[in-house]
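# Fold and geometry: a report
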Amino acid sequence: MHTFNSGIKVIVVGAGFGGLTAAVECHRQGHNVEIYESFPELKVLGDIISFGSNAGRIFHRWSDGDVVARLRPLCIDIQDYGFRIHKWDTGEVVYHQKRKPPSLEAPVLNGHRGELHQVLFNYARDDLGIPIHLGQRVSEYFEDDSAAGIVLKDGQKVLGDVIIAADGVRSKARELVLGYVDKPKSSGYAVWRAWFSNEDMIADPRTKEFCEHGDTFNGWIGPDVHFLFSTIKGGKDCCWVLTHKDDHDIDESWSFPGKLEEVLQVLKDWDPVCKAIVEKTPSLVDWKLVYRDPLPTWISKKGRISLLGDAAHPFLPTSAQGATQAMEDGVSIAVCLRRAGKDHIPAALETHQEIRYDRVKAVQKTGESTRDLWHKTNWSEVKKNPESIGFPREDWIHQFDTEKNAEETFEDIFRSYVELRTTASFPLVSAQASSTVVQ
């Protein structure tokens, strides 16, 4: 039960990982929160998604580890297997990257996007009782000095104190926040991705090794292409992702049905094992990758609407941090609202943005730097130093505690924003508001 109610009504638009996390964290911090989602029903879709230990630390705080206990059986376990990186043509393992010892308080959780999403959705709706309104497309956002709201497709208006727009890469709120339409840019790359069961894999002597001895994770690195392949749930499910050059001109990051023959053409001179994996794929998705320059602001002019996650900062998959950074946003904004209180919502959102902005920008860049590390590999250098081709797992990203950081940095930043807005004296934070969090 909450021992503190902030009296702040938060409307979250979007029930993806970022929106659900924002709602759960707002609930923990004593706000009244509801979610509006355009999809009419929850569908278990997608393929593998990665949550770094900085996300695991957030999950671990939900109901004292109970949510992690639900997620873990759905996730890959490569503590023993590690990550084996192969040269694209010969197939030789050039580097065997070991996993760091697992952390109880900050687990790494990688699994099927739809299955993990269902756990979070059910936790928010059923365990915490957060109202989630499905099939409610938002057609408009609005705000004034005292409130903000959304207009649903049927014309119904919903009012709140704050709107968190976790409405994805095609965010309608982005235009209101910026005052103009922000066009995406092509990254010059696309990914093919697939998830399927292991029946054909285990029947083929060339591929059965990936399914018979538990979970596996392998990568083949080639000229401007990389191919990642995992088996999960003890080798029962298989998934792969292939990143390659792509110059299609499209409006936004989007997915289409993929063509197997195009994948096999890219892999024609590669290690035959790659072809053996791909040819067993029943269906795949072709996902064009776009990026955006960092937005000048995530906060609307009146300071009551905040973009969150992909709406504010889409990530390339090679960062393995997109969903995790959306989760960090949700934690930060919930803390800032509690610490600021209902009378200082615009300053709370501005404080949240300042706490997050430079970190997000820096983590975003790792999507490009990791891709370039692999796509422009100097193989003679790798021979001398195999570790140089390893997947970067930097402590400044993964060891970060976003809740602790928001609590510790809030006051000085917040004070400066409130002083900009008013010269009157004010109590910064009540003792109760600064210390009460529901687990």
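As a reminder, the structure under discussion sits directly above these lines.
Residues numbered from 1 in each chain as written. Predicted model: local features only at pLDDT ≥ 70, side-chain atom pairs only at ≥ 80, totals over all residues. Heavy atoms only, no water.

### Remarks on the environment of Ala148
Position of Ala148 relative to the elements: it lies in strand E9 (residues 148-152). Once the C-alpha coordinates of Ala148 and Thr324 are considered, the two residues, 176 residues apart in sequence, prove to be 27 Å apart. Each residue touching Ala148, except ones within four places of it in the same chain, is listed here: Phe142, Glu143, Val158, Leu159, Gly160, Asp161, Ile163, Arg304 and Ile305. (Helix = DSSP H or I, 4+ residues; strand = E, 2+ residues; numbered from the N terminus. Contact = heavy atoms within 4.5 Å.)

### Describing the environment of Asn5
Residue placement: Asn5 occurs in the segment before strand E1 (9-13). Each C-alpha atom of the pair Asn5 and Lys384 lies 59 Å from the other, and the pair is 379 residues apart in sequence. At 2.7 Å, the side chain of Asn5 and the backbone nitrogen of Gly7 are in polar contact. (Polar contact = N/O pair within 3.5 Å; in protein donor to acceptor, adjacent residues only side chain to side chain.)

### Topic: the packing of aromatic side chains
Summed over all chains, the structure comprises 13 aromatic pairs. Aromatic pair Phe59 and Trp62: ring centres 5.4 Å apart, planes at 90 degrees, arrangement edge-to-face. By the burial criterion, Phe59 is buried, and Trp62 matches it. In this structure, Arg84 packs its charged tip against the face of Tyr81, placed 3.6 Å from the ring centre. The ring of Phe400 is capped by Arg359, whose NZ or CZ atom sits 3.7 Å from the centre of that ring. (Phe/Tyr/Trp six-rings, centres within 6.5 Å; stacked < 30°, edge-to-face > 60°. Buried < 20%, exposed > 50% of the residue type's maximum accessible area, 1.4 Å probe, protein only. Lys NZ or Arg CZ within 6 Å of the ring centre and 35° of its normal.)

### Re helix H1 (residues 17-28)
A rise of 1.5 Å per residue sets the reference length of H1, with its twelve residues, at 16 Å; its end C-alpha atoms lie 16 Å apart and thus fit the reference within 8%. Taking burial as the measure, the twelve residues of H1 include twelve buried ones, the bulk of the element. In the stretch just after H1, Gly30 is the one whose phi turns positive, near 90 degrees. (Expected span 1.5 Å × (residues − 1).)

### Points about the side chain of Ser306
Among the structural elements, Ser306 can be located in strand E18 (residues 305-307). On the accessibility criterion, Ser306 (0% relative accessible area) is buried. For Ser306, the residues in contact, after removing those within four places along its chain, are Ile163, Ile164, Ala165, Trp298, Ile299, Ile333, Leu349 and His352.

### Here we look at the packing of H1 against helix H9 (residues 322-340)
Between two packed helices, the angle of one axis relative to the other and the distance separating the axes together describe the packing. At a minimum axis separation of 8 Å, H1 and H9 run at an interaxial angle of 25 degrees. Taken as axis vectors, H1 and H9 run roughly parallel relative to one another. The crossing of H1 and H9 is right-handed. Taking contact as the criterion, the partners of Phe17, Gly18, Thr21, Ala22, Glu25 and Cys26 in H1 are, on H9, Ala323, Ala326, Met327, Gly330, Val331 and Ala334. A class-by-class count of the residues in the contact of H1 with H9 yields eight nonpolar, three polar and one charged. (Axes fitted to C-alpha atoms, helices over the stretch in contact; angles between N-to-C directions. Parallel < 35°, antiparallel > 145°, perpendicular 65-115°, else oblique. Left-handed = near helix turned anticlockwise from the far one by under 90°. Nonpolar A, V, L, I, M, F, W, Y, C, P; charged D, E, K, R; others polar.)

### Quick notes on the sheet that holds strand E7 (residues 132-133)
Sheet architecture is open: five strands sit in the order E7-E2-E1-E11-E18, paired in parallel fashion. On the outer flanks of this sheet lie E7 and E18, each paired with one strand and no other. In this structure, strand E2 (residues 32-36) lies alongside E7, joined through two bridges in parallel fashion. Paired with Tyr36 across the bridge in E7 is His133. Here H1 sits on the sheet in contact with E1, E2, E7 and strand E11 (162-165), set at roughly 165 degrees to E2. (Pairing = 2+ DSSP bridges.)

### Looking at the sheet that holds strand E10 (residues 157-160)
Paired through their backbone hydrogen bonds, the strands of a sheet run either parallel or antiparallel. Judged by pairing direction, the sheet is antiparallel, and its three strands sit side by side in the order E8-E9-E10 without closing on themselves. Looking at strand neighbours, the two that pair on one side only are strand E8 (138-143) and E10, the edges of this open sheet. Each neighbouring strand pair of the sheet contributes to a mean axis angle of 20 degrees, computed without reference to strand direction.

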